[in-house]
Amino acid sequence: MESKIAETFEELGLSPIMMRALAKLGYERPSPIQSRVIPWALEGYDLIGQARTGTGKTASFAIPILEQLDPLRVCPSPQALVLVPTRELAAQVHGEFVKLADGCPTEILEVAGGKHLDRQTRKLREGVQVVVGTPGRVIDHIQRGSLDLRRLWCVVLDEADRMLDIGFRPDIERILRRCPENRQTLLLSATLAAEVKELANRYLFEPVHIDCSNKDISVETIEQRYLTVAPEKKLETLLALLERERPPQTIIFCRTKLGTAKLHNQLERQLHRYPDLKHLRLATIHGNMNQSQRDAVFKQLREGSIQILVATDVVGRGIDVSTISHIINWDLPDDCSDYVHRVGRTGRMGREGIAFSFVAKGQGQMLTEIEHKINRLLVLDPLSENHATMSREVITPTVIRDEVEIGSAPESFGLVAHGATKKPRLNRMRRSLSDRERRR
Ligand code: AMP
(Lines give C-alpha, C1' and ligand atoms only; values in the text may rest on other atoms or scores of the structure.)
Protein backbone atom coordinates (compact mmCIF):
# COMPACT_ATOMS: atom_id res chain seq x y z
CA MET A 1 0.00 0.00 0.00
CA GLU A 2 1.14 3.48 -0.82
CA SER A 3 2.70 5.31 2.13
CA LYS A 4 1.07 8.65 2.47
CA ILE A 5 3.70 10.91 3.98
CA ALA A 6 3.56 14.62 3.32
CA GLU A 7 6.73 16.58 3.99
CA THR A 8 5.10 19.99 3.72
CA PHE A 9 1.71 21.46 4.58
CA GLU A 10 1.30 22.36 0.88
CA GLU A 11 1.52 18.67 -0.03
CA LEU A 12 -1.37 17.97 2.31
CA GLY A 13 -3.60 20.10 0.13
CA LEU A 14 -4.92 22.16 3.01
CA SER A 15 -7.26 25.08 2.50
CA PRO A 16 -5.78 28.60 2.21
CA ILE A 17 -7.46 29.60 5.45
CA MET A 18 -5.77 26.70 7.27
CA MET A 19 -2.46 27.55 5.64
CA ARG A 20 -2.82 31.09 6.97
CA ALA A 21 -3.61 29.82 10.49
CA LEU A 22 -0.55 27.54 10.38
CA ALA A 23 1.67 30.37 9.20
CA LYS A 24 0.34 32.61 11.97
CA LEU A 25 1.18 29.91 14.52
CA GLY A 26 4.67 29.62 13.06
CA TYR A 27 4.20 25.95 12.11
CA GLU A 28 6.57 25.71 9.17
CA ARG A 29 6.28 22.05 8.36
CA PRO A 30 4.27 19.08 9.59
CA SER A 31 5.75 17.11 12.47
CA PRO A 32 6.29 13.37 11.74
CA ILE A 33 2.95 12.36 13.26
CA GLN A 34 1.17 15.09 11.30
CA SER A 35 2.85 14.06 8.01
CA ARG A 36 1.55 10.58 8.48
CA VAL A 37 -1.83 10.97 10.16
CA ILE A 38 -3.33 13.90 8.24
CA PRO A 39 -3.44 12.30 4.76
CA TRP A 40 -5.25 9.19 6.04
CA ALA A 41 -7.54 11.14 8.34
CA LEU A 42 -8.56 13.43 5.50
CA GLU A 43 -9.54 10.42 3.47
CA GLY A 44 -11.87 9.14 6.14
CA TYR A 45 -9.95 6.12 7.41
CA ASP A 46 -10.09 4.93 10.97
CA LEU A 47 -6.66 5.21 12.46
CA ILE A 48 -4.45 4.23 15.36
CA GLY A 49 -1.67 6.76 15.88
CA GLN A 50 1.05 5.91 18.32
CA ALA A 51 2.68 9.10 19.56
CA ARG A 52 3.32 10.98 22.74
CA THR A 53 2.43 14.52 23.63
CA GLY A 54 4.85 17.18 22.54
CA THR A 55 5.00 15.71 19.04
CA GLY A 56 2.22 17.79 17.51
CA LYS A 57 -0.32 14.98 17.80
CA THR A 58 -3.22 17.34 18.60
CA ALA A 59 -2.94 19.16 15.30
CA SER A 60 -2.69 15.79 13.52
CA PHE A 61 -6.37 15.22 14.24
CA ALA A 62 -7.52 18.84 14.66
CA ILE A 63 -6.41 19.87 11.16
CA PRO A 64 -8.34 17.16 9.27
CA ILE A 65 -11.40 17.70 11.45
CA LEU A 66 -11.42 21.48 10.94
CA GLU A 67 -10.86 21.02 7.23
CA GLN A 68 -13.98 18.91 6.88
CA LEU A 69 -16.50 20.60 9.16
CA ASP A 70 -19.80 21.67 7.75
CA PRO A 71 -20.75 25.21 8.71
CA LEU A 72 -22.90 25.62 11.80
CA ARG A 73 -25.92 26.75 9.79
CA VAL A 74 -25.81 23.46 7.85
CA CYS A 75 -25.22 21.29 10.91
CA PRO A 76 -25.85 22.80 14.34
CA SER A 77 -25.17 19.64 16.33
CA PRO A 78 -21.66 18.33 17.04
CA GLN A 79 -19.80 16.80 14.11
CA ALA A 80 -16.64 15.79 15.95
CA LEU A 81 -16.09 14.60 19.51
CA VAL A 82 -12.64 14.49 21.09
CA LEU A 83 -12.34 12.48 24.31
CA VAL A 84 -9.36 13.21 26.54
CA PRO A 85 -8.35 11.87 29.97
CA THR A 86 -7.97 15.08 31.98
CA ARG A 87 -9.42 18.55 32.30
CA GLU A 88 -6.05 20.09 31.65
CA LEU A 89 -5.69 18.21 28.40
CA ALA A 90 -9.25 19.21 27.43
CA ALA A 91 -8.29 22.87 27.88
CA GLN A 92 -5.10 22.38 25.91
CA VAL A 93 -6.70 20.48 23.02
CA HIS A 94 -9.52 23.03 22.90
CA GLY A 95 -6.92 25.81 22.75
CA GLU A 96 -5.10 24.15 19.85
CA PHE A 97 -8.38 23.74 17.92
CA VAL A 98 -9.21 27.41 18.49
CA LYS A 99 -5.79 28.52 17.25
CA LEU A 100 -5.99 26.30 14.18
CA ALA A 101 -9.52 27.55 13.42
CA ASP A 102 -8.27 31.12 13.30
CA GLY A 103 -9.98 33.15 10.59
CA CYS A 104 -12.93 30.82 10.30
CA PRO A 105 -16.07 30.99 12.44
CA THR A 106 -15.97 27.64 14.22
CA GLU A 107 -17.76 26.66 17.41
CA ILE A 108 -15.53 24.47 19.55
CA LEU A 109 -16.68 23.65 23.06
CA GLU A 110 -14.72 22.27 25.99
CA VAL A 111 -16.92 20.08 28.19
CA ALA A 112 -14.68 19.05 31.04
CA GLY A 113 -15.72 18.53 34.62
CA GLY A 114 -15.03 21.36 37.05
CA LYS A 115 -16.42 23.88 34.55
CA HIS A 116 -19.96 25.24 34.54
CA LEU A 117 -22.35 22.57 33.38
CA ASP A 118 -25.12 25.07 32.65
CA ARG A 119 -22.95 27.22 30.46
CA GLN A 120 -21.88 24.12 28.53
CA THR A 121 -25.51 23.04 28.18
CA ARG A 122 -26.48 26.47 26.86
CA LYS A 123 -23.66 26.46 24.33
CA LEU A 124 -24.60 22.95 23.18
CA ARG A 125 -28.20 24.11 22.66
CA GLU A 126 -27.00 27.13 20.67
CA GLY A 127 -24.99 24.79 18.42
CA VAL A 128 -21.37 23.65 18.32
CA GLN A 129 -19.29 21.87 15.70
CA VAL A 130 -16.58 20.26 17.81
CA VAL A 131 -16.80 19.02 21.41
CA VAL A 132 -13.62 18.35 23.40
CA GLY A 133 -14.31 16.68 26.71
CA THR A 134 -13.53 14.23 29.43
CA PRO A 135 -15.62 11.02 29.29
CA GLY A 136 -17.41 11.64 32.60
CA ARG A 137 -18.71 15.06 31.62
CA VAL A 138 -19.61 13.90 28.12
CA ILE A 139 -21.75 11.15 29.68
CA ASP A 140 -23.40 13.78 31.93
CA HIS A 141 -24.43 15.74 28.87
CA ILE A 142 -25.66 12.66 27.04
CA GLN A 143 -27.79 11.73 30.05
CA ARG A 144 -29.18 15.26 30.37
CA GLY A 145 -30.07 15.16 26.70
CA SER A 146 -27.95 18.20 25.95
CA LEU A 147 -25.43 16.42 23.73
CA ASP A 148 -26.83 15.10 20.49
CA LEU A 149 -24.43 12.63 18.87
CA ARG A 150 -26.53 11.78 15.81
CA ARG A 151 -24.67 14.03 13.36
CA LEU A 152 -21.23 13.09 14.60
CA TRP A 153 -18.87 11.94 11.84
CA CYS A 154 -15.60 11.80 13.76
CA VAL A 155 -14.62 10.59 17.24
CA VAL A 156 -11.09 11.03 18.58
CA LEU A 157 -9.81 9.01 21.54
CA ASP A 158 -6.82 11.06 22.60
CA GLU A 159 -4.32 9.49 25.00
CA ALA A 160 -6.41 6.34 24.91
CA ASP A 161 -3.93 4.46 27.12
CA ARG A 162 -4.22 7.09 29.81
CA MET A 163 -8.02 7.10 29.63
CA LEU A 164 -8.04 3.35 30.11
CA ASP A 165 -5.45 3.57 32.91
CA ILE A 166 -7.68 5.84 34.91
CA GLY A 167 -10.72 3.70 34.51
CA PHE A 168 -12.64 5.47 31.74
CA ARG A 169 -13.20 2.31 29.73
CA PRO A 170 -16.90 1.83 30.64
CA ASP A 171 -17.61 5.51 29.94
CA ILE A 172 -15.75 5.42 26.62
CA GLU A 173 -17.64 2.33 25.54
CA ARG A 174 -20.96 3.85 26.54
CA ILE A 175 -20.17 6.92 24.48
CA LEU A 176 -18.94 4.99 21.45
CA ARG A 177 -22.05 2.82 21.45
CA ARG A 178 -24.14 6.00 21.16
CA CYS A 179 -22.15 7.37 18.21
CA PRO A 180 -23.25 6.78 14.60
CA GLU A 181 -21.83 3.56 13.22
CA ASN A 182 -20.40 5.06 10.08
CA ARG A 183 -18.31 7.59 11.95
CA GLN A 184 -14.55 7.87 11.59
CA THR A 185 -12.61 6.94 14.75
CA LEU A 186 -9.10 8.19 15.40
CA LEU A 187 -7.29 6.65 18.35
CA LEU A 188 -4.10 8.28 19.64
CA SER A 189 -2.05 6.58 22.28
CA ALA A 190 1.51 6.68 23.56
CA THR A 191 1.52 2.92 24.06
CA LEU A 192 -0.49 0.09 22.57
CA ALA A 193 -1.14 -1.97 25.65
CA ALA A 194 -3.44 -4.98 25.29
CA GLU A 195 -6.42 -3.01 26.56
CA VAL A 196 -5.92 -0.31 23.93
CA LYS A 197 -5.68 -2.92 21.19
CA GLU A 198 -8.83 -4.55 22.47
CA LEU A 199 -10.71 -1.25 22.39
CA ALA A 200 -9.43 -0.59 18.89
CA ASN A 201 -10.45 -4.07 17.71
CA ARG A 202 -13.92 -3.55 18.99
CA TYR A 203 -14.64 0.00 17.88
CA LEU A 204 -12.38 0.83 14.93
CA PHE A 205 -13.03 -0.30 11.40
CA GLU A 206 -9.95 -1.73 9.66
CA PRO A 207 -7.72 1.01 11.01
CA VAL A 208 -4.49 2.30 9.51
CA HIS A 209 -1.68 1.91 12.03
CA ILE A 210 0.77 4.74 12.30
CA ASP A 211 3.62 4.22 14.68
CA CYS A 212 5.57 7.34 15.53
CA SER A 213 6.43 6.11 19.00
CA ASN A 214 10.12 5.71 18.26
CA LYS A 215 10.61 8.62 15.98
CA ASP A 216 9.01 11.16 18.23
CA ILE A 217 9.94 10.20 21.72
CA SER A 218 10.68 13.66 22.89
CA VAL A 219 12.80 12.41 25.81
CA GLU A 220 15.48 11.36 23.35
CA THR A 221 16.47 14.96 22.82
CA ILE A 222 16.54 15.70 26.53
CA GLU A 223 19.70 15.53 28.60
CA GLN A 224 18.96 13.33 31.60
CA ARG A 225 20.94 13.15 34.83
CA TYR A 226 20.52 11.78 38.30
CA LEU A 227 21.70 12.86 41.73
CA THR A 228 22.32 10.72 44.77
CA VAL A 229 22.22 12.54 48.10
CA ALA A 230 21.40 11.68 51.68
CA PRO A 231 17.82 12.67 52.61
CA GLU A 232 18.99 15.43 54.96
CA LYS A 233 21.04 17.03 52.17
CA LYS A 234 18.31 16.87 49.55
CA LEU A 235 16.88 20.37 49.94
CA GLU A 236 20.33 21.93 50.09
CA THR A 237 21.33 20.06 46.92
CA LEU A 238 18.16 21.13 45.15
CA LEU A 239 18.91 24.76 45.95
CA ALA A 240 22.49 24.32 44.75
CA LEU A 241 21.16 22.76 41.56
CA LEU A 242 18.80 25.68 40.99
CA GLU A 243 21.65 28.12 41.65
CA ARG A 244 23.88 26.36 39.18
CA GLU A 245 21.28 25.87 36.49
CA ARG A 246 19.39 29.16 36.85
CA PRO A 247 16.53 27.53 34.96
CA PRO A 248 14.19 29.78 32.99
CA GLN A 249 11.27 27.51 33.92
CA THR A 250 11.23 24.31 35.97
CA ILE A 251 8.72 21.75 37.07
CA ILE A 252 9.71 19.89 40.23
CA PHE A 253 7.79 16.63 40.54
CA CYS A 254 6.88 15.07 43.85
CA ARG A 255 5.11 11.78 44.40
CA THR A 256 2.42 12.83 46.87
CA LYS A 257 0.22 15.85 47.50
CA LEU A 258 1.64 16.12 50.99
CA GLY A 259 5.21 16.00 49.73
CA THR A 260 4.37 18.64 47.13
CA ALA A 261 2.94 21.00 49.75
CA LYS A 262 5.93 20.41 52.02
CA LEU A 263 8.54 21.09 49.37
CA HIS A 264 6.65 24.15 48.16
CA ASN A 265 6.69 25.57 51.70
CA GLN A 266 10.36 24.75 52.18
CA LEU A 267 11.30 26.46 48.94
CA GLU A 268 9.16 29.46 49.77
CA ARG A 269 11.12 29.85 52.99
CA GLN A 270 14.53 29.26 51.40
CA LEU A 271 14.61 30.92 47.99
CA HIS A 272 14.93 34.48 49.29
CA ARG A 273 18.14 33.55 51.08
CA TYR A 274 19.89 32.87 47.79
CA PRO A 275 20.73 36.06 45.85
CA ASP A 276 20.47 34.23 42.50
CA LEU A 277 17.17 32.62 43.32
CA LYS A 278 15.23 35.18 45.26
CA HIS A 279 13.59 36.69 42.16
CA LEU A 280 12.08 33.34 41.14
CA ARG A 281 8.31 33.05 41.41
CA LEU A 282 7.07 29.77 42.80
CA ALA A 283 3.74 27.95 42.57
CA THR A 284 2.33 24.54 43.26
CA ILE A 285 -0.29 22.36 41.64
CA HIS A 286 -1.84 19.10 42.78
CA GLY A 287 -5.04 17.11 42.71
CA ASN A 288 -6.57 18.84 45.74
CA MET A 289 -6.82 22.16 43.95
CA ASN A 290 -10.04 23.06 42.20
CA GLN A 291 -10.19 23.58 38.47
CA SER A 292 -10.07 27.36 38.47
CA GLN A 293 -7.05 27.34 40.78
CA ARG A 294 -5.30 24.90 38.47
CA ASP A 295 -6.22 26.90 35.38
CA ALA A 296 -4.82 30.04 36.97
CA VAL A 297 -1.50 28.31 37.66
CA PHE A 298 -1.24 26.98 34.09
CA LYS A 299 -2.03 30.42 32.72
CA GLN A 300 0.75 31.97 34.78
CA LEU A 301 3.11 29.21 33.74
CA ARG A 302 2.35 29.76 30.06
CA GLU A 303 2.74 33.51 30.44
CA GLY A 304 6.10 32.99 32.12
CA SER A 305 5.18 34.70 35.37
CA ILE A 306 6.00 31.51 37.31
CA GLN A 307 9.50 30.07 37.12
CA ILE A 308 9.22 27.09 39.44
CA LEU A 309 6.22 24.81 39.67
CA VAL A 310 6.12 22.11 42.34
CA ALA A 311 3.72 19.48 41.11
CA THR A 312 2.34 16.01 41.45
CA ASP A 313 1.77 13.85 38.38
CA VAL A 314 -1.45 15.75 37.71
CA VAL A 315 0.66 17.75 35.30
CA GLY A 316 2.85 14.81 34.35
CA ARG A 317 0.82 13.93 31.32
CA GLY A 318 -0.53 15.81 28.44
CA ILE A 319 0.21 19.30 29.51
CA ASP A 320 2.12 21.33 27.03
CA VAL A 321 3.97 24.43 28.07
CA SER A 322 6.72 24.81 25.54
CA THR A 323 8.92 27.06 27.68
CA ILE A 324 9.73 24.48 30.38
CA SER A 325 13.51 24.15 30.31
CA HIS A 326 14.12 21.90 33.33
CA ILE A 327 12.42 18.96 34.97
CA ILE A 328 13.46 17.91 38.44
CA ASN A 329 12.21 14.65 39.85
CA TRP A 330 12.37 15.35 43.57
CA ASP A 331 10.91 11.87 43.99
CA LEU A 332 11.18 9.17 41.38
CA PRO A 333 7.74 8.23 40.08
CA ASP A 334 6.22 4.88 41.08
CA ASP A 335 5.84 3.86 37.48
CA CYS A 336 8.61 4.34 34.97
CA SER A 337 6.25 5.35 32.19
CA ASP A 338 5.40 8.35 34.38
CA TYR A 339 9.10 9.20 34.26
CA VAL A 340 8.88 9.49 30.49
CA HIS A 341 5.78 11.64 30.73
CA ARG A 342 7.26 13.93 33.36
CA VAL A 343 10.50 14.38 31.49
CA GLY A 344 8.60 14.94 28.27
CA ARG A 345 7.26 18.22 29.71
CA THR A 346 10.51 19.74 28.55
CA GLY A 347 12.18 19.48 25.15
CA ARG A 348 8.84 20.15 23.44
CA MET A 349 8.84 19.99 19.65
CA GLY A 350 12.60 19.46 19.49
CA ARG A 351 13.56 22.30 21.87
CA GLU A 352 16.38 21.65 24.31
CA GLY A 353 15.63 20.44 27.80
CA ILE A 354 17.32 18.85 30.78
CA ALA A 355 15.97 16.57 33.47
CA PHE A 356 17.40 15.73 36.90
CA SER A 357 16.23 12.91 39.12
CA PHE A 358 16.99 12.54 42.80
CA VAL A 359 17.67 8.89 43.46
CA ALA A 360 17.47 7.73 47.05
CA LYS A 361 19.35 4.84 48.57
CA GLY A 362 17.67 1.60 47.58
CA GLN A 363 16.23 3.05 44.36
CA GLY A 364 18.98 1.74 42.09
CA GLN A 365 16.67 -0.87 40.63
CA MET A 366 14.09 1.80 39.80
CA LEU A 367 16.79 3.84 38.08
CA THR A 368 17.80 0.82 36.04
CA GLU A 369 14.20 0.20 35.04
CA ILE A 370 13.92 3.78 33.85
CA GLU A 371 17.11 3.39 31.87
CA HIS A 372 15.74 0.26 30.23
CA LYS A 373 12.55 2.08 29.43
CA ILE A 374 14.30 4.98 27.73
CA ASN A 375 17.03 2.74 26.37
CA ARG A 376 19.74 5.03 27.63
CA LEU A 377 21.87 5.57 30.74
CA LEU A 378 21.32 8.56 32.96
CA VAL A 379 24.46 10.51 33.83
CA LEU A 380 25.49 11.08 37.44
CA ASP A 381 25.45 14.80 38.17
CA PRO A 382 28.54 16.27 39.92
CA LEU A 383 26.35 17.68 42.67
CA SER A 384 25.86 14.13 43.89
CA GLU A 385 27.34 13.54 47.28
CA ASN A 386 29.50 10.67 46.19
CA HIS A 387 30.25 11.82 42.70
CA ALA A 388 34.01 11.40 42.94
CA THR A 389 33.96 7.94 44.44
CA MET A 390 30.90 6.42 42.95
CA SER A 391 31.20 3.61 40.49
CA ARG A 392 27.78 2.40 39.62
CA GLU A 393 27.53 -0.87 37.87
CA VAL A 394 26.80 0.05 34.31
CA ILE A 395 24.02 -1.99 32.87
CA THR A 396 23.63 -1.36 29.22
CA PRO A 397 19.98 -1.26 28.41
CA THR A 398 19.03 -3.82 25.88
CA VAL A 399 15.41 -3.00 25.48
CA ILE A 400 14.57 -1.97 21.99
CA ARG A 401 11.48 0.10 21.86
CA ASP A 402 10.19 -1.33 18.61
CA GLU A 403 8.29 -3.86 20.61
CA VAL A 404 4.80 -2.74 19.72
CA GLU A 405 3.51 -3.75 16.38
CA ILE A 406 0.20 -4.69 15.06
CA GLY A 407 0.14 -6.88 12.02
CA SER A 408 3.26 -6.65 9.91
CA ALA A 409 6.56 -5.04 10.86
CA PRO A 410 6.81 -1.27 10.88
CA GLU A 411 8.37 0.35 7.86
CA SER A 412 11.53 2.31 8.26
CA PHE A 413 9.64 5.53 8.82
CA GLY A 414 7.66 4.00 11.61
CA LEU A 415 4.55 3.95 9.44
CA VAL A 416 2.55 0.81 9.56
CA ALA A 417 -0.09 1.17 6.95
CA HIS A 418 -1.25 -2.23 5.98
CA GLY A 419 -4.48 -3.94 5.36
CA ALA A 420 -6.30 -0.65 5.66
CA THR A 421 -9.48 -0.44 3.76
CA LYS A 422 -11.22 2.75 2.99
CA LYS A 423 -14.61 2.58 4.62
CA PRO A 424 -17.06 1.80 1.87
CA ARG A 425 -19.84 3.02 4.11
CA LEU A 426 -18.35 6.45 4.46
CA ASN A 427 -20.40 9.12 2.88
CA ARG A 428 -17.89 11.82 3.52
CA MET A 429 -14.98 10.84 1.36
CA ARG A 430 -12.44 13.53 1.08
CA ARG A 431 -14.10 16.62 -0.22
CA SER A 432 -12.41 18.62 -2.90
CA LEU A 433 -10.42 21.60 -1.85
CA SER A 434 -12.70 24.04 -3.60
CA ASP A 435 -15.67 22.39 -1.93
CA ARG A 436 -14.19 22.77 1.51
CA GLU A 437 -13.02 26.27 0.81
CA ARG A 438 -16.45 27.37 -0.36
CA ARG A 439 -18.05 26.25 2.86
CA ARG A 440 -15.59 28.06 5.10
P1 AMP B 1 1.06 18.35 21.09
O2 AMP B 1 1.91 17.15 20.91
O3 AMP B 1 -0.16 18.32 20.25
O4 AMP B 1 0.80 18.63 22.54
O5 AMP B 1 1.90 19.62 20.52
C6 AMP B 1 3.06 20.08 21.13
C7 AMP B 1 3.36 21.52 20.75
O8 AMP B 1 3.80 21.62 19.41
C9 AMP B 1 2.18 22.48 20.84
O10 AMP B 1 2.63 23.66 21.49
C11 AMP B 1 1.81 22.80 19.44
O12 AMP B 1 1.24 24.09 19.34
C13 AMP B 1 3.14 22.69 18.72
N14 AMP B 1 3.06 22.26 17.32
C15 AMP B 1 2.18 21.39 16.78
N16 AMP B 1 2.43 21.20 15.47
C17 AMP B 1 3.51 21.95 15.16
C18 AMP B 1 4.26 22.16 13.96
N19 AMP B 1 3.95 21.54 12.84
N20 AMP B 1 5.30 23.02 14.01
C21 AMP B 1 5.63 23.64 15.17
N22 AMP B 1 4.97 23.50 16.35
C23 AMP B 1 3.92 22.65 16.34
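The model shown is predicted, which means the values in this text are computed figures rather than measured ones. (Residues numbered from 1 in each chain as written. Predicted model: local features only at pLDDT ≥ 70, side-chain atom pairs only at ≥ 80, totals over all residues. Heavy atoms only, no water.)

1. Considerations on the overall build of the protein
Okay, so step 1: On a plain count of helices and strands, the protein comes out with 15 helices and 15 strands.
Okay, so step 2: Looking at the 440 residues of the protein, the share that counts as buried comes to 58%.
Okay, so step 3: The long-range fraction of contacts in the protein, counting pairs at least 24 apart against all pairs at least 6 apart in sequence, stands at 77%.
Okay, so step 4: In the structure as shown, the protein presents an accessible area of about 18,600 Å², 49% of it carried by carbon and sulfur atoms. (Helix = DSSP H or I, 4+ residues; strand = E, 2+ residues; numbered from the N terminus. Buried < 20%, exposed > 50% of the residue type's maximum accessible area, 1.4 Å probe, protein only. Contact = heavy atoms within 4.5 Å. Areas by Shrake-Rupley, 256 points an atom, 1.4 Å probe, with all protein chains shown as cover.)

2. Focus: the side chain of Asp46
Okay, so step 1: Checked against the element boundaries, Asp46 lands in the loop between α2 (32–42) and β1 (47–50).
Okay, so step 2: In this structure the side chain of Asp46 is engaged in a polar contact, spanning 2.7 Å, whose partner is the backbone nitrogen of Thr185. (Polar contact = N/O pair within 3.5 Å; in protein donor to acceptor, adjacent residues only side chain to side chain.)

3. Some points on unusual backbone geometry
Okay, so step 1: If you check the backbone angles, Glu159 has positive phi at about 50 degrees while not being a glycine.
Okay, so step 2: Look at Glu159 and you get buried, because its relative accessible area is 7%.
Okay, so step 3: Here Arg246, not a glycine, exhibits a phi torsion of approximately 40 degrees, which is positive.
Okay, so step 4: Taking the relative accessible area as the measure of exposure, Arg246 reaches 52% and is therefore exposed.

4. Here's the deal with the pattern of salt bridges
Okay, so step 1: Within this structure, the stated rule accounts for 24 salt bridges.
Okay, so step 2: For Arg342, the salt bridge is made with Asp313, and the minimal N-O distance between the two is 2.8 Å. One end of the pair, Arg342, is in helix α13 (residues 336–343); the other, Asp313, is in the loop between β11 (308–311) and β12 (326–329), with 29 residues separating them in the sequence. Residues Arg342 and Asp313 agree in their burial class; the two are buried.
Okay, so step 3: Each of the salt bridges in this network shares a partner with another, and the network as a whole consists of Arg169, Glu173, Arg177, Glu195, Glu198 and Arg202. (Salt bridge = Lys/Arg side-chain N within 4 Å of Asp/Glu carboxyl O.)

5. A few points about the pairing of strand β3 (residues 108–111)
Okay, so step 1: Burial along β3 is two-sided: Ile108 and Glu110 and Leu109 and Val111, pointing in opposite directions, are all buried.
Okay, so step 2: In this sheet, strand β4 (residues 130–133) lies alongside β3 in parallel orientation, the contact comprising four bridges. The residue bridging Leu109 from the neighbouring strand is Val131, located in β4.
Okay, so step 3: Taken together, β3, helix α5 (residues 117–126) and β4 form a β-α-β motif whose crossover is right-handed. (Pairing = 2+ DSSP bridges. Right-handed = clockwise from strand over helix to strand, strands pointing away.)

6. A look at helix α8 (residues 169–178)
Two residues of an α-helix separated by three or four positions point the same way, owing to the 3.6 residues in each turn.
Okay, so step 1: For α8, the complete set of buried residues consists of Arg169, Asp171, Ile172, Glu173, Ile175 and Leu176.
Okay, so step 2: Buried positions along α8 lie against β2 (80–83), α6 (135–144), β5 (154–157), α7 (160–165) and α9 (194–203).

7. Structural notes on the environment of Leu263
Okay, so step 1: Here Leu263 lies in helix α11 (residues 257–270).
Okay, so step 2: Residue Leu263 is classed as buried on the basis of its relative accessible area of 1%.
Okay, so step 3: C-alpha of Leu263 to C-alpha of Ala311: the two residues are 48 residues apart in sequence and 9.7 Å apart in space.
Okay, so step 4: Not counting residues within four places of it along the chain, the set of residues in contact with Leu263 comprises Leu235, Leu238, Ile252, Cys254, Val310 and Trp330.

8. Description of the nonpolar core
Okay, so step 1: Within the largest apolar cluster, 43 residues are counted, with the highest numbers of intra-cluster contacts made by Leu14, Phe61, Ile63, Ile65, Val82, Phe97 and Val130.
Okay, so step 2: Those residues in contact with Ile63 that sit more than four places away from it in its chain are Phe9, Leu14, Met18, Leu22, Ile38 and Leu100. (Core = buried A, V, L, I, M, F, W, Y, C linked by side-chain atoms within 4.5 Å.)

9. With respect to helix α12 (residues 291–303)
Okay, so step 1: Across its 13 residues, α12 extends 18 Å between first and last C-alpha, which sits within 8% of the 18 Å expected from 1.5 Å per residue.
Okay, so step 2: Listed in full, the buried residues belonging to α12 are Gln291, Arg294, Val297, Phe298 and Leu301. Considered in projection along α12, the buried side chains sweep an arc of 125 degrees and stay on one side of the axis. When the buried face of α12 is taken as reference, the exposed residues oriented beyond 90 degrees from it are Ser292, Lys299 and Glu303.
Okay, so step 3: Of the surrounding secondary structure, the elements contacted by the buried residues of α12 are α4 (87–100), β10 (282–285) and β11.
Okay, so step 4: Here α12 starts with a cap whose side-chain oxygen sits 3.1 Å from the backbone nitrogen of Ser292, and that cap is Asn290. (Expected span 1.5 Å × (residues − 1). Arc of directions from axis to C-beta.)

10. Topic: the packing of helix α3 (residues 57–68) against α4
Okay, so step 1: Where α3 meets α4, the closest approach of the two axes is 10 Å, and the angle between their N-to-C directions is 50 degrees. Classified by the interaxial angle, the pair formed by α3 and α4 is oblique. Where α3 crosses over α4, the two elements pack in a sense that is right-handed. In this structure, α3 contributes Thr58, Ala59, Phe61, Ala62, Ile63, Ile65 and Leu66 to the contact, and α4 contributes Val93, Glu96, Phe97 and Leu100.
Okay, so step 2: Class assignment of the residues belonging to the contact of α3 with α4 gives a composition of nine nonpolar, one polar and one charged. (Axes fitted to C-alpha atoms, helices over the stretch in contact; angles between N-to-C directions. Parallel < 35°, antiparallel > 145°, perpendicular 65-115°, else oblique. Left-handed = near helix turned anticlockwise from the far one by under 90°. Nonpolar A, V, L, I, M, F, W, Y, C, P; charged D, E, K, R; others polar.)

11. Quick look at the packing of aromatic side chains
When we look at a pair of aromatic rings, we describe it by the centre distance and by the angle of the planes.
Okay, so step 1: Following the criterion strictly, the structure yields three aromatic pairs and no others.
Okay, so step 2: Pairing Trp40 with Tyr45 gives two aromatic rings, centres 5.0 Å apart and planes at 80 degrees, and the pair type is edge-to-face. Judged on exposure class, the residue Trp40 and its partner Tyr45 are both buried.
Okay, so step 3: Pairing Phe61 with Phe97 gives two aromatic rings, centres 6.2 Å apart and planes at 45 degrees, and the pair type is tilted. Here Phe97 lies in helix α4 and Phe61 lies in helix α3, a separation of 36 residues in the sequence. The residues Phe61 and Phe97 share a single accessibility class, namely buried.
Okay, so step 4: Here Lys234 stacks its cationic end above the ring of Trp330, 4.4 Å away from the centre of that ring. (Phe/Tyr/Trp six-rings, centres within 6.5 Å; stacked < 30°, edge-to-face > 60°. Lys NZ or Arg CZ within 6 Å of the ring centre and 35° of its normal.)

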